[in-house]
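Coordinates in review
The primary structure of each chain is shown beneath.
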Amino acid sequence: MTDQTTNRLRAARILRAQLDDDSDTARSVLDEAYGADQENGLAGIISALVVAMIEQLAYATGGDLEAARKIVDLTLLDLSMGGGTDGA
């Protein structure tokens, strides 16, 4: 079983790789996680990313969780209407 520290480390490595436009490294981290823990490894990475996102939304909104919810709702609305695509 993978611990939270490993999941957070993997999530950070994926984020860094994506910032560097290094999809090969991101894929290798995902492959490593799947190889070690199968679906649990991938779920752990997703969980770590979501926790980090929530922390950042809480920070960005000054702890106003209602404002954070509205940001997520507006993002979901935008995506449901075809926004946020590279072809826009």
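Residues numbered from 1 in each chain as written. Predicted model: local features only at pLDDT ≥ 70, side-chain atom pairs only at ≥ 80, totals over all residues. Heavy atoms only, no water.

Attention now moves to the overall build of the protein. Summing up its helical and strand segments, the protein has four helices and zero strands in all. Ordering the α and β elements of the protein from the N terminus gives α-α-α-α. Rg of the C-alpha trace for the protein: 15 Å, well past the compact-globule value of 12 Å for 88 residues, more than 25% over. With respect to the three principal axes, the spread of C-alpha positions in the protein is 35 × 35 × 25 Å. The 88 residues of the protein split such that 19% are buried. (Helix = DSSP H or I, 4+ residues; strand = E, 2+ residues; numbered from the N terminus. Rg over C-alpha atoms; globule rule 2.2 N^0.38 Å. Buried < 20%, exposed > 50% of the residue type's maximum accessible area, 1.4 Å probe, protein only.)

The next subject is unusual backbone geometry. Although it is not a glycine, Asp21 adopts a positive phi angle of roughly 55°. For Asp21, the position within the fold is in the loop between helix 1 (4–19) and helix 2 (23–37).

Applying the stated rule across the entire model yields six salt bridges. Here Glu32 ties to Arg10 by a salt bridge, and the two come within 3.4 Å at their closest N and O atoms. Note that Glu32 is positioned in helix 2 and Arg10 in helix 1, a separation of 22 residues in sequence. Residue Arg10 is classed as buried on the basis of its relative accessible area, which comes to 5%. In this structure, the salt-bridge partner of Arg27 is Asp24, at a minimum N-O distance of 3.6 Å. Of this pair, Arg27 and Asp24 both sit in helix 2, three residues apart, roughly one helical turn. Look at the salt bridges and you will find they share partners, linking Arg10, Arg13, Glu32 and Asp37 into a network. (Salt bridge = Lys/Arg side-chain N within 4 Å of Asp/Glu carboxyl O.)

This brings us to the nonpolar core. It is characteristic of soluble globular proteins that their nonpolar side chains tend to be buried jointly. Ala11, Ile14, Ala17, Ala26, Val29, Ala33, Ile45 and Ala48 form the largest nonpolar core, which has eight residues in total. Secondary structure elements with two or more residues in this core: helix 1, helix 2 and helix 3 (39–60). Residue contacts for Ala33: discarding those within four places in its chain leaves Arg10, Gln38, Gly41, Leu42 and Ile45. (Core = buried A, V, L, I, M, F, W, Y, C linked by side-chain atoms within 4.5 Å. Contact = heavy atoms within 4.5 Å.)

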